[in-house]
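These are the residues of each chain, in order.
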Amino acid sequence: MSTTRSRKRLFLIVALVVIAVLALLYAARVAILFIDATEGDDVPPLSSIPLPTGSEVTQVSTGCGSGGCWTLVTVRPPDGTTPEDLKNELGTTPQSRLPGSFWDPRTVSLTSKIEGPLLVIKADYFSAEYVP
C-alpha cells in the first residue's frame, strides 16, 4: 500500500514539475514575442490580414523606425470593390486591432490609406489603440 502511495506522490510531483516548466517556457516565449515586437524586426505575417477573396497583393515591404517595425501591403481590391470599400471592410477607418492567438498573443494593428485604385495597409504590433 505504501508503494502505491509513493508512486502516486512521485507521479504527482513529476506532473507538477512538467507543468511548471511548460508554463515557464510559454511565459518566456510570450515575453520574447512582446520584446521583439517593439525592439526587434518582427512584423505581422501577411496571413494575419483578413483580405477578402479576390484581393490581389501587389507589393509587400517592411520598414523599421523608432519603436518597432511594420509591414506595408499594397492590395488591389476584388472586382467590383473600391479601395474605400475594402478599407471599410477591414475596419481600418482609422484603425483595426486584430487579437492574437494562444501561440502568438500579440495584437496586430492595421491602418490603411488609399493610393489611386490600391489600398496600402500598414500592419504592426506596436501601435497604440486609436482614441478619437
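Residues numbered from 1 in each chain as written. Predicted model: local features only at pLDDT ≥ 70, side-chain atom pairs only at ≥ 80, totals over all residues. Heavy atoms only, no water.

## A few points about unusual backbone geometry
Working step 1: Looking along the chain, the bond that leaves Thr93 and enters Pro94 is cis, with omega of 5°.
Working step 2: When you line up the elements, Pro94 lands in the loop between helix H2 (83-90) and strand S3 (96-98). (Helix = DSSP H or I, 4+ residues; strand = E, 2+ residues; numbered from the N terminus.)

## Here's the deal with the pairing of strand S5 (residues 118-124)
Side-chain positions along a regular strand alternate between the two faces of the sheet.
Working step 1: Burial of S5 is extensive: six of the seven residues sit out of reach of the surface.
Working step 2: Two elements, strand S2 (residues 68-76) and S5, share six bridges in a ladder whose sense is antiparallel. Residue pairing in the sheet places Thr71 in a bridge with Ala123 of S5.
Working step 3: Two strands pair when backbone bridges link them, and strand S4 (residues 108-115) and S5 are joined in this way by seven bridges, in the antiparallel orientation. Each bridged residue has a counterpart across the sheet, and for Ile114 the counterpart in S5 is Leu119. (Buried < 20%, exposed > 50% of the residue type's maximum accessible area, 1.4 Å probe, protein only. Pairing = 2+ DSSP bridges.)

## Here we look at the nonpolar core
Working step 1: One finds Ile49, Val73, Val75, Leu86, Leu90, Leu98, Val108, Leu110, Leu119, Ile121, Ala123 and Tyr125 forming the largest nonpolar core, which totals 12 residues.
Working step 2: Put simply, the parts of the chain that give this core at least two residues each are S2, H2, S4 and S5.
Working step 3: For Val73, the contacting residues outside a window of four places in its chain are Leu46, Ile49, Val57, Gln59, Val60, Leu119, Val120 and Ile121. (Core = buried A, V, L, I, M, F, W, Y, C linked by side-chain atoms within 4.5 Å. Contact = heavy atoms within 4.5 Å.)

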